[in-house]
Amino acid sequence: MPVPRPLRERCREFLGIDAAIRYIFPATSYGGGAGFIFVVTDDQVTVISTSLMSRSNPKTVWGSYPRGTRIGPLETGTGASFEFAGVVFEVDDEYVAVVNAADAEVFDRGSLPKDPLPDL
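Rules behind the numbers
Residues numbered from 1 in each chain as written. Predicted model: local features only at pLDDT ≥ 70, side-chain atom pairs only at ≥ 80, totals over all residues. Heavy atoms only, no water. Helix = DSSP H or I, 4+ residues; strand = E, 2+ residues; numbered from the N terminus. Expected span 1.5 Å × (residues − 1). Buried < 20%, exposed > 50% of the residue type's maximum accessible area, 1.4 Å probe, protein only. Contact = heavy atoms within 4.5 Å. Arc of directions from axis to C-beta. Pairing = 2+ DSSP bridges. Axes fitted to C-alpha atoms, helices over the stretch in contact; angles between N-to-C directions. Phe/Tyr/Trp six-rings, centres within 6.5 Å; stacked < 30°, edge-to-face > 60°.

Enquirer: I'm lost on helix α2 (residues 96-107) in this one. Help?
Expert: Since there are 3.6 residues in each turn of an α-helix, residues three or four apart along the chain are aligned in direction. When the terminal C-alpha atoms of α2 are compared, their 16 Å separation across twelve residues agrees well with the 16 Å that a helix rising 1.5 Å per residue should span. Inspection of α2 places V96, V99, A101, A102, D103, A104 and E105 among the buried residues, and these make up the whole buried set. Each element contacted by the buried residues of α2 is listed here: β1 (23-29), β5 (80-84) and β6 (87-91).

Enquirer: Please explain helix α1 (residues 5-15) as it appears in this structure.
Expert: For α1, the full list of buried residues reads L7, C11 and L15. Projection of α1 onto a plane perpendicular to its axis shows the buried side chains occupying an angular sector of 95°, all on one side. In α1, the exposed residues that point more than 90 degrees away from the buried face are R5 and E13. Its buried side turned inward, α1 meets β1, β2 (35-40), β3 (44-50) and β4 (58-66). G16 occupies a position one or two residues after α1 and carries a positive phi of about 75°.

Enquirer: Looking at this model, I keep getting lost on the sheet that holds β4. Mind explaining?
Expert: The pairing of strands in a sheet happens through backbone hydrogen bonds and is either parallel or antiparallel. The six strands lie next to each other as β4-β3-β2-β1-β6-β5, forming an open sheet whose pairing is antiparallel. Taken across any chain shown, the strands that pair with only one partner, and hence form the sheet edges, are β4 and β5. Strand-to-strand twist across the sheet, computed as the mean angle between neighbouring axes with direction ignored, equals 35°. Pairing between β2 and β3: five bridges, direction antiparallel. Bridging across to β3, F36 finds its partner in S49. Packing of α1 onto the sheet brings it into contact with β1, β2, β3 and β4, and relative to β4 it is tilted by some 60°. Strands β1, β5 and β6 of the sheet are contacted by α2, whose axis makes an angle of about 120° with β1.

Enquirer: For this particular structure, what's the right way to read the packing of aromatic side chains?
Expert: Two aromatic rings are characterised by how far apart their centres lie and by the angle between their planes. Overall, the coordinates contain ten aromatic pairs when judged by the stated rule. Between F25 and F82, the ring centres sit 6.3 Å apart and the planes meet at 70°, which makes this aromatic pair edge-to-face. Remark: F82 occurs in strand β5 and F25 occurs in strand β1; sequence separation between them is 57 residues. Arranged with centres 5.4 Å apart and planes meeting at 65°, the rings of F36 and W62 form a pair that is edge-to-face.

So this is what it looks like as structure tokens:
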């Protein structure tokens, strides 16, 4: 499920730049704790914490990392989880492909599908 446009725009305010958002997905700390939104641009991975009452209400930048920082790998089984910056996060299954694509873009470009319309 795509992240709604209003949430993307609220997250953009925290980036401090006008860069295009390449990937964005919500996550929670392992065990259902605090909420976060991962925002990936060409230059950085920014993790924004959300309010306790709503995962769609960004509050503050939790951390910013160079784009070369790997987000995964994802552990799957009882749920999808990954360790990032020393913290274990969980994502809904629908965002597993987003995390994998964000990492593949930097670390395994050959695994990405070819653009069917490269001249557009």
